[in-house]
Amino acid sequence: MARLIRLGLLLLLLAPLPGRAEAPPAASTGPAWLERANRSLHAWNQATAARLPALADPARLPPAWRGTAAQLIGTWAAEPWQALSLAAAGRGDQAALVIDRLRANILEGQGGLRDRATERGLPLPPPADLGLALCVRGVPEGPYLVLPLLGGRTLRDGLTELLVSQTLIHGVVGPILGGVPLLEGFAALDGLDRLPHWVRAEREGAAPRPDARLLSFEAAREAHLAERREACAALRG
């Protein structure tokens, strides 16, 4: 099973780069049964949101801690994941820039407590994750999906997260802990994919994104698709 998942992820990452970026498609609602399922799950997520905080959400940290937390999380988690995603997107120059930033912040910035890279004028590359890497490589987004607790995804992003989370669980965490439930593994990867976006917003002083579970179904879908398409366009350059 783990070998099959790794093979599927490898085939996705090796998809050929498009010669020219095409205009993004209109929102795909998918078949009627999927639309009904999405709306039902969104309503359930809304009912649950008041009782259960968003999974793996660093924005819930106390404000006094967030600056330092963003710097440390950026150095030790978000930017390494971003470098991997940029490399998968074929943006080797940007991946090398992230590695230069990591080297400066770890070796000269007290192990990541200080943002020496920005002080030296090294810019922040655009946020990246493996779903966006596949977008850059021309993999279509597919229909919009709503997942329990985690919220909206495109089919491309959801399958990518499932493949990577299961690969990490079976190949890395599973042998140590003796198994990790699917939902917890999916939520952990969801948090990892969101980290570069959250760290960048914290460093730039941007307003936090609203919890999509609290929006109407149409508003949540439109906001998610617009954000992913904009991030993909920025990553294409």
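Placed above this text is the structure.
Numbering of residues starts from 1 in each chain and follows the order in which that chain's sequence is written. pLDDT decides what is reported in this predicted model: residues at 70 or higher carry local features, side-chain atom pairs at 80 or more are listed and counted, and totals for whole chains, interfaces and linings draw on all residues regardless. Each side-chain value is derived from all of the structure's non-hydrogen atoms; neither hydrogens nor water enter the calculation.

Q: Before we go on, may I ask you to explain a nonpolar patch on the surface in this structure?
A: A surface patch of nonpolar side chains, amounting to about 310 Å² of accessible area, comprises Leu72, Trp76 and Leu113. Under the DSSP-based scheme used, a helix requires at least four consecutive residues in state H or I and a strand at least two consecutive residues in state E, with every element numbered from the N terminus. Positionally, Leu72 belongs in helix H3 (residues 63-88). Patch construction takes residues with relative accessible area above 30% that form no salt bridge. Like charges are linked within 9 Å, and nonpolar side chains (Val, Leu, Ile, Met, Phe, Trp, Tyr) are linked within 5 Å. Surface accessibility follows the Shrake-Rupley procedure with a 1.4 Å probe radius. Residue values consider only the protein chains on display as shielding. Criterion for a salt bridge: a side-chain nitrogen of Lys or Arg within 4 Å of a carboxyl oxygen of Asp or Glu.

Q: Sorry, what's going on with the side chain of Asp115 here?
A: Mapped onto the fold, Asp115 is located in the loop between helix H4 (92-108) and helix H5 (116-119). Polar contacts here mean pairs of N or O atoms no more than 3.5 Å apart (in protein, one a potential hydrogen donor and the other a potential acceptor; neighbouring residues in sequence count only if both atoms are side-chain atoms). Among the polar contacts made by the side chain of Asp115, one reaches the side chain of Thr118 at a distance of 2.6 Å. In this analysis, two residues are considered to be in contact whenever any of their non-hydrogen atoms come within 4.5 Å of each other. Dropping the residues within four chain positions of it, Asp115 is found in contact with Gln71, Arg101, Asn105 and Arg203.

Q: Could you clarify how one ought to interpret the pattern of salt bridges in this entry?
A: Oppositely charged side chains may form a pair once their charged atoms are brought near each other. Here the structure, examined in full by the defined rule, presents 16 salt bridges. A salt bridge links Arg91 to Asp93; the nearest nitrogen and oxygen atoms lie 3.7 Å apart.

Q: Could you clarify how one ought to interpret H4 in this entry?
A: Because each turn of an α-helix spans 3.6 residues, side chains separated by three or four positions end up pointing in the same direction. By this rule, a helix spans an expected 1.5 Å times one less than how many residues it contains. For H4, spanning 17 residues, the distance from its first C-alpha to its last is 24 Å, which sits close to the expected 24 Å at 1.5 Å a residue. Any residue under 20% of the maximum accessible area for its type is buried, any over 50% is exposed, and the rest in between are partly exposed; the area is computed with a 1.4 Å probe on protein chains only. Considered for burial, the residues of H4 that qualify are Gln94, Ala95, Leu97, Val98, Arg101, Leu102, Ala104 and Asn105. Downstream of H4 by one or two residues, Gln110 has phi in the positive range, about 55 degrees.

Q: Whenever I open this one, the pairing of strand S1 (residues 144-147) confuses me. Can you help?
A: Along any regular strand the residues' side chains alternate between the sheet's two faces. Across the two faces of S1 the burial is the same, with Tyr144 and Val146 and Leu145 and Leu147 all buried. The rule for pairing is simple: two strands pair if DSSP sees at least two bridges between them. Here four bridges tie S1 to strand S2 (residues 151-154), and the two strands are oriented antiparallel to one another. Along S2, the bridge assignment pairs Val146 with Gly152.

Q: Sorry, what's going on with helix H9 (residues 217-236) here?
A: The end-to-end C-alpha distance of H9, which contains 20 residues, comes to 29 Å, matching closely the 28 Å that a straight helix rising 1.5 Å per residue would cover. The set of residues buried in H9 consists of Phe217, Ala220, Arg221, His224, Leu225, Arg228, Ala231, Cys232 and Leu235. Taken down its axis, H9 places every buried residue within 130 degrees of arc, on the same side. Exposed and facing more than 90 degrees away from the buried side of H9 are Glu222 and Glu230. Note on H9: the residue one or two positions beyond its end, Gly237, has a positive phi of about 85 degrees. By construction, the arc corresponds to the directions joining the helix axis to the C-beta atoms.

Q: I would appreciate a short explanation of the state of the cysteines in the present structure.
A: Here, the word disulfide means a covalent bond between the sulfur atoms of two cysteines. Note on terminology: disulfide denotes any pair of cysteine sulfur atoms within 2.5 Å. Within the structure shown, the criterion is met by one disulfide. Covalently, Cys135 is tied to Cys232 through a disulfide, its sulfur atoms 2.1 Å apart. On the sign convention where negative means left-handed, the S-S torsion of about -100 degrees between Cys135 and Cys232 marks this disulfide as left-handed. Of this pair, Cys135 sits in helix H6 (residues 130-136) while Cys232 sits in helix H9; the two residues are 97 residues apart in sequence, bridging distant segments of the chain.

Q: Mind showing me how you'd approach the nonpolar core here?
A: Nonpolar side chains tend toward joint burial in soluble globular proteins. Only buried residues count toward a nonpolar core, which is a set of Ala, Val, Leu, Ile, Met, Phe, Trp, Tyr and Cys residues joined through side-chain atoms within 4.5 Å. Core analysis: the largest hydrophobic core is formed by 18 residues, its most contacted members being Leu86 and Leu235. Secondary structure elements with two or more residues in this core: H3, H4, H6 and H9. Leu235 has contacts with Leu86, Ala89, Arg91, Pro126, Pro127, Ala128, Leu132, Ala133 and Val136, leaving out every residue within four places of it along the chain. Judged by nonpolar contacts, the second largest core, of five residues, contains Tyr144, Val146, Ala220 and Leu225.

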